[in-house]
Amino acid sequence: MLEIIWFVLWGVLWTVYFLTDGYDLGLGLLMPFLSKEDWERRAIFNAQGPFWDANEVWLITAGGVTFAAFPKTYAVMFSSLYTPLLMLLFALIFRGISFEMRSKEPFSWWRKIWDASMTGGSFVAALLLGVAFANIFKGLPLDQDGILHGNLLTLLNPYGLLGGVLFVLMFAIHGAIWLTIMAKGSLRENGYRIAVLLWPVLLAVAVVFLIVTAFATDLYANIGRWPFLAVFPLLAVVGLLCVRLFLARRDWWKAFASSAAFIGGAAGFGIAGIYPRLLPSSLDPAASLTAFNSASSTLTLSIMLGVVLVFIPIVLAYQVWVHKKFTSEIDVEALAKTGK
């Protein structure tokens with residue numbers, strides 16, 4: 001029973017990370033398309049500045065849970081997927097540094113370097129997350145010893161790249177909608193325009209992904225066993241359709257909530273689909289790492305569950321407070337006048 005609880009917590013933490021840091025990554029990768037002037041780029045930095053580091057706490061938490069609750073899975077994941085995970089880490093590092101370094105010098109060439117760092121880091125991170133999880137859904141070529149039979153190019157298969165494109169698009173729309181909440185005037189219109197422009201593309205990619213998933217994976221099998229799991233793809237479909245509806249009504253918060261529902265439903269569908277596996281093997285199903293054959297001891301899981309039940313609500317309360325405190329319209333007119 002503890003293994004099942006921890007599998008659910010593992011999935012929830014990854015989903016919360018996608019929901020929170022997703023709009024940060026989306027804003028970063030869209031910055032060249034949302035802004036022309038330096039003050040507009042400064043506003044985009046400000047729109048994510050109070051939140052991005054707290055949002056990435058969920059990534060650390062998800063990794064920590066993998067390490068503590070499923071150490072064998074953690075060991076195989078961080079050895080077999082060493083190269084893409086290192087690339088993801090550096091993308092997030094350079095993206096994070098750009099927040100601090102951009103304003104240190106007034107030179108345009110200096111700011112362009114860190115703007116490129118923000119855009120490139122956000123794009124690479126979003127793409128790699130999608131590629132990684134699509135490959136996990138598909139199954140990794142792992143043998144009984146947890147050794148990956150392949151390299152980085154093995155992960156860049158058509159299904160993996162399709163997952164990467166899906167993540168980039170859904171984070172981009174999530175970030176564009178967040179900008180409509182945080183900014184006003186021309187920046188809000190830019191966010192609205194980009195979100196509307198990308199929505200049919202995301203719809204098409206999502207439909208293709210769902211169809212290809214039926215042939216490339218066995219994610220639908222668990223829905224056949226437990227029909228209540230169909231709530232996840234249904235939530236994703238309804239959320240995506242409602243994004244367009246509320247954008248048309250210019251109801252920014254409801255559009256953002258709908259985007260979050262889409263991301264949550266899509267992540268829930270994938271994670272529920274691989275249960276009880278954490279790292280499915282495409283070479284031999286018996287070589288798959290599951291919530292049961294890679295879990296820590298019962299005592300460890302019990303102690304950690306007590307810790308999580310205390311601290312996760314505290315972290316959630318903190319994030320709610322941060323978003324309530326700092327979610328307010330950016331004074332873009334003042335930025336335009338001062339150029340800072």
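Please read these numbers as outputs of a predicted model, since none were measured by experiment.

(A) Representation of the nonpolar core in the model. Trp-6, Trp-10, Trp-14, Tyr-17, Phe-18, Leu-129 and Phe-171 are the most contacted members of the largest nonpolar core, which totals 104 residues. Those residues in contact with Phe-18 that sit more than four places away from it in its chain are Leu-129, Phe-133, Phe-167, Phe-171, Ile-263 and Ala-267.

(B) Summary view of the pattern of salt bridges. Overall, the coordinates contain eight salt bridges when judged by the stated rule. Of the charged contacts in the structure, one is a salt bridge between Asp-38 and Arg-102, with a shortest N-O distance of 2.6 Å. Of this pair, Asp-38 sits in helix H2 (residues 38-48) while Arg-102 is found in the loop between helix H6 (82-101) and helix H7 (108-138), placing the two residues 64 residues apart along the sequence. The exposure class assigned to Arg-102 is buried, which follows from its relative accessible area of 1%. The salt bridge involving Arg-250 is made with Glu-189; its shortest N-O contact spans 2.9 Å. Placement of the pair is Arg-250 in the loop between helix H12 (231-248) and helix H13 (252-274) and Glu-189 in helix H10 (residues 186-216), with a sequence separation of 61 residues. Residue Glu-189 is classed as partly exposed on the basis of its relative accessible area of 36%. Overlapping salt bridges, with partners in common, bring together Asp-38, Arg-41, Arg-102, Arg-111 and Asp-115 in one network.

(C) Focus on H12. Counted at 1.5 Å a residue, the expected span for H12 with its 18 residues is 26 Å, and the 26 Å between its end C-alpha atoms agrees. Of the residues making up H12, those classed as buried are Pro-233, Ala-236, Gly-239, Leu-240, Val-243, Phe-246 and Leu-247. Structurally, H12 contributes buried residues whose contacts are with helix H9 (158-182), H10, helix H11 (221-225) and H13. One or two positions beyond H12, positive phi appears at Arg-250, with a value near 55 degrees.

(D) Here's a closer look at the packing of H12 against H13. Closest axis-to-axis distance for the H12/H13 pair is 7 Å, and the angle between their directions is 160 degrees. As judged from the angle between their axes, H12 and H13 are roughly antiparallel. Crossing hand, H12 versus H13: left-handed. Across the interface between the two elements, Phe-232, Pro-233, Leu-235, Ala-236, Gly-239, Leu-240, Cys-242, Val-243, Phe-246 and Leu-247 from H12 touch Trp-252, Lys-254, Ala-255, Ser-258, Ser-259, Ala-261, Phe-262, Gly-265, Ala-266, Gly-268, Phe-269 and Ala-272 from H13. Grouping the amino acids of the contact of H12 with H13 by side-chain chemistry returns 16 nonpolar, five polar and one charged.

(E) Spotlight on the packing of aromatic side chains. On inspection of all chains with the given rule, the structure shows 30 aromatic pairs. Arranged with centres 5.6 Å apart and planes meeting at 85 degrees, the rings of Phe-51 and Trp-178 form a pair that is edge-to-face. Remark: Trp-178 occurs in helix H9 and Phe-51 occurs in the loop between H2 and helix H3 (52-55); sequence separation between them is 127 residues. Seen in terms of ring centroids, Trp-110 and Trp-114 are 5.9 Å apart; in terms of plane orientation they differ by 65 degrees. Their pairing is edge-to-face. Here Trp-110 pairs with Trp-114, and both are found in helix H7, just four residues apart, close to one helical turn.

Thresholds applied
- Residues numbered from 1 in each chain as written.
- Predicted model: local features only at pLDDT ≥ 70, side-chain atom pairs only at ≥ 80, totals over all residues.
- Heavy atoms only, no water.
- Core = buried A, V, L, I, M, F, W, Y, C linked by side-chain atoms within 4.5 Å.
- Buried < 20%, exposed > 50% of the residue type's maximum accessible area, 1.4 Å probe, protein only.
- Contact = heavy atoms within 4.5 Å.
- Salt bridge = Lys/Arg side-chain N within 4 Å of Asp/Glu carboxyl O.
- Helix = DSSP H or I, 4+ residues; strand = E, 2+ residues; numbered from the N terminus.
- Expected span 1.5 Å × (residues − 1).
- Axes fitted to C-alpha atoms, helices over the stretch in contact; angles between N-to-C directions.
- Parallel < 35°, antiparallel > 145°, perpendicular 65-115°, else oblique.
- Left-handed = near helix turned anticlockwise from the far one by under 90°.
- Nonpolar A, V, L, I, M, F, W, Y, C, P; charged D, E, K, R; others polar.
- Phe/Tyr/Trp six-rings, centres within 6.5 Å; stacked < 30°, edge-to-face > 60°.

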